[in-house]
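As a plain string of letters, each chain reads:
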Amino acid sequence: MRIADVKEDIDHELVSREQIDSKIQEMAARVSDDYRDKNPLVIAVLKGAVNTLVAFTEALSIPVQIDFMSLSSYGSGTKSSGTVTVRQDLSADVRGRHILIVEDIIDSGRTLAWLVAELKRRGAASVEVFALLNKPSRREVDVDVKYPGYEIPDEFVVGFGLDYDEHYRNLESIAVLKPSVYQGEQA
Ligand SMILES: O=P(O)(O)OC[C@H]1O[C@H](OP(=O)(O)OP(=O)(O)O)[C@H](O)[C@@H]1O
Ligand code: HPA
Ligand SMILES: [Mg+2]
């Protein structure tokens, strides 16, 4: 789906598909160098990271294993509830593994901080992060991101996996939603 298909809900495009693809290629080249011979386990945080995961793992030049964890803290709103809910856990045992988390966005930092701590608690040998988008102005919890993508301003974005109330995930690029779409939501 393109912005023109939902133009009444979109304020403007923030990151084009060309920019998304070029950042993912750049990070995949770095990760391929860093993880050669480490048999990494790539963990995608569902649902938002699914588009990034597919493009990123295809762009790697090393073999990796892939697993998924479905975490939720936004529900149907534009503000973190502050509580990370595990909707679906990993199937792999992470003990002794080199883990690379793939995230679509870091906003408050709560989802990532929770996941990094949990993977270390389960005995991972190392845990690093690739996040396509980062909103540093909204950070509430400190997180260390080895492979950062684009810094974006404090605006609610959708597309390329990112949703508002489960909508717009299948938009091909990343765009700022018109506030009128979510005005009136419960704080
Ligand atoms: O840094 P934070 O404030 O924790 O925000 C980032 C997280 O929030 C979103 O997930 P969401 O809870 O919306 O679940 P979803 O991926 O299924 O949409 C996003 O995909 C990240 O996982
Ligand atoms: O800006 C955002 N858009 C969609 N989901 C999100 N989760 C955290 N921040 C965002
Ligand atoms: Mg969401």
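Residues numbered from 1 in each chain as written. Chains lettered and ligands numbered in written order. Predicted model: local features only at pLDDT ≥ 70, side-chain atom pairs only at ≥ 80, totals over all residues. Heavy atoms only, no water.

In the annotation of an unreviewed UniProt entry, the protein is listed under the name Hypoxanthine phosphoribosyltransferase and assigned to Bifidobacterium saguini DSM 23967. Here is the UniProt Cofactor (unreviewed entry) comment for the protein, exactly as written: "Mg(2+)". (UniProt positions renumbered as here; feature names shortened; annotations may be inferred.)

### A word on the nonpolar core
Of all hydrophobic cores here, the largest spans 30 residues; its most connected members are Ile24, Phe56, Phe130, Leu132, Leu133, Val157 and Ile174. Elements with a minimum of two residues in this core: α1 (17-35), β2 (41-46), α2 (50-59), β5 (98-106), β6 (126-134), β7 (147-151) and β9 (174-177). Among residues more than four places away in sequence, those in contact with Val157 are Leu14, Ile105, Leu133, Ile152, Leu162, Ile174, Ala175 and Val176. Among the nonpolar cores identified, the runner-up in size contains 21 residues, and Met69, Val94, Ile101 and Val116 belong to it. (Core = buried A, V, L, I, M, F, W, Y, C linked by side-chain atoms within 4.5 Å. Buried < 20%, exposed > 50% of the residue type's maximum accessible area, 1.4 Å probe, protein only. Helix = DSSP H or I, 4+ residues; strand = E, 2+ residues; numbered from the N terminus. Contact = heavy atoms within 4.5 Å.)

### Focus: the UniProt feature "domain: Phosphoribosyltransferase" (unreviewed entry) in the protein
The residues that UniProt annotates with the feature "domain: Phosphoribosyltransferase" (unreviewed entry) are residues 18-164. In residues 18-164, the share of helix is 27% and the share of strand is 29%. The end C-alpha atoms are 23 Å apart.

### So, the site of ligand 2
Around ligand 2 lies a shell formed by Tyr74, Ile105, Asp107, Lys135, Glu155, Phe156, Val157, Leu162 and Asp163. Interatomic distance of 2.7 Å between a side-chain N/O atom of Asp107 and a nitrogen atom of ligand 2. Here a nitrogen atom of ligand 2 and a backbone polar atom of Val157 are 2.5 Å apart. If ligand 2 stood free it would expose 260 Å²; the protein chains cover 93% of that surface. Spatially, ligand 2 is embedded in the largest pocket. (Near = heavy atom within 4 Å. Polar contact = N/O pair within 3.5 Å; in protein donor to acceptor, adjacent residues only side chain to side chain. Areas by Shrake-Rupley, 256 points an atom, 1.4 Å probe, with all protein chains shown as cover. 1 Å grid on protein atoms, 1.4 Å probe; cavity = no way out; pocket = protein on both sides within 12 Å on 5 of 7 lines; lining within 4 Å. Sits in = over half its atoms within 2 Å of the grid points.)

### Quick word on the sheet that holds strand β3 (residues 65-72)
Spatial strand order, β4-β3-β2-β5-β6-β7: six strands in an open sheet with mixed pairing. Taken across any chain shown, the strands that pair with only one partner, and hence form the sheet edges, are β4 (85-88) and β7. Taking the axes of each pair of neighbouring strands and ignoring which way they run, one obtains an average angle of 25° across the sheet. Here β6 runs beside β7; their pairing, made up of four bridges, is parallel. Bridge pairing in β7 links Ala131 to Pro148. Set on the sheet, α2 makes contact with β2, β3, β5 and β6; between it and β5 the angle comes to about 130°. (Pairing = 2+ DSSP bridges. Axes fitted to C-alpha atoms, helices over the stretch in contact; angles between N-to-C directions.)

### Quick look at the site of ligand 1
Surveying the vicinity of ligand 1 reveals 19 residues, the closest of which are Tyr74, Arg87, Glu103, Ser108 and Thr111. Between ligand 1 and Asp107 there is a distance of 2.8 Å, counted from an oxygen atom to a backbone nitrogen or oxygen. At a separation of 3.1 Å, an oxygen atom of ligand 1 approaches a polar side-chain atom of Arg169. Burial of ligand 1 by the protein amounts to 95% of the accessible area it has alone, namely 490 Å². Of all the secondary structure elements, the ones that give two or more residues to the shell around ligand 1 are β3, β5 and α3 (110-121). For the shell around ligand 1, the element with the highest residue contribution is β5, accounting for four residues. Per-class residue counts for the shell around ligand 1 are five nonpolar, six polar and eight charged. (Nonpolar A, V, L, I, M, F, W, Y, C, P; charged D, E, K, R; others polar.)

### Looking at the pattern of salt bridges
By the definition in use, this model includes 14 salt bridges. The salt bridge partner of Glu118 is Arg121, with a shortest N-O separation of 2.9 Å. Residue Glu118 and its partner Arg121 are both found in helix α3; the two are separated by three residues, about one turn of the helix. Relative accessible area serves as the criterion here: at 12%, Glu118 is assigned to the buried category. We classify Arg121 as exposed; its relative accessible area is 63%. (Salt bridge = Lys/Arg side-chain N within 4 Å of Asp/Glu carboxyl O.)

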